[in-house]
Amino acid sequence: MLNVDTIKNGLVIDHIRSGCGIKIFNYLGLDKADYCVALIMNVPSKTMGKKDIIKIDNIINIDYSVLGFIDPNITVNVIMDEHIAKKITLSLPDRVENVIKCRNPRCITTTEHYVPHSFKLVNRKKAEYACEYCDELYRAGVGDVF
Ligand SMILES: [Zn+2]
């Protein structure tokens, strides 16, 4: 049983927008984890109102650019020997591949399945990405991945 307050070596994914924790939990494959993990939902937060937190009692490899795409406001604390060894802040990556699917039914990625789903950041302020093939716009930071 995981004591959610103490992790010896692992990761704490914090400041997740309330409701997005389960999406990140599933994206990271934590539902299949054989080590201790905890998804804590609706934690009171001064700055966010409510937030979700994921605690992982294991140092796992995470693609931080994808995590930044899902929600750039997330922070990750790396815990070593029960102390915070490193704080990782995320940002929107310039480009993502095979993270989201283009919604345009006429886009080449819909019919040609070997084509990667590539999106480039076109407006950082609005968190807007455009499909590299058809320019269909997509907003990041809403917790969507496939
Ligand atoms: Zn497209």
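Here we summarise the structure given alongside this text. Just so it is clear, the model here is predicted, and its values are computed rather than measured.

Rules and cut-offs
Residues numbered from 1 in each chain as written. Predicted model: local features only at pLDDT ≥ 70, side-chain atom pairs only at ≥ 80, totals over all residues. Pairing = 2+ DSSP bridges. Helix = DSSP H or I, 4+ residues; strand = E, 2+ residues; numbered from the N terminus. Axes fitted to C-alpha atoms, helices over the stretch in contact; angles between N-to-C directions.

## A short note on the pairing of strand S7 (residues 118-123)
Line of reasoning, step 1. Across three bridges, strand S6 (residues 95-97) lies against S7 in antiparallel orientation. Note that in S7 the partner of Arg-95 across the bridge is Lys-120.
Line of reasoning, step 2. Of the strand pairs in this sheet, S7 and strand S8 (residues 128-131) are connected by four bridges, and their pairing is antiparallel. Within S8, the residue paired with Phe-119 across the bridge is Cys-131.
Line of reasoning, step 3. The turn linking S7 back onto S8 is made up of four residues, and Ala-127 within it adopts a positive phi angle of 55°.

## Considering the sheet that holds S6
Line of reasoning, step 1. In spatial order, the strands read S6-S7-S8-S9; together these four strands make up an open sheet with antiparallel pairing. The open sheet has two free edges, formed respectively by S6 and strand S9 (137-139), since each of these has just one partner strand. Sheet twist, expressed as the mean angle between neighbouring strand axes with direction ignored, is 35°.
Line of reasoning, step 2. Where S8 lies against S9, three bridges are found, and the strand directions are antiparallel. Residue Glu-128 lies in a different strand from S9, and its bridge partner there is Arg-139.

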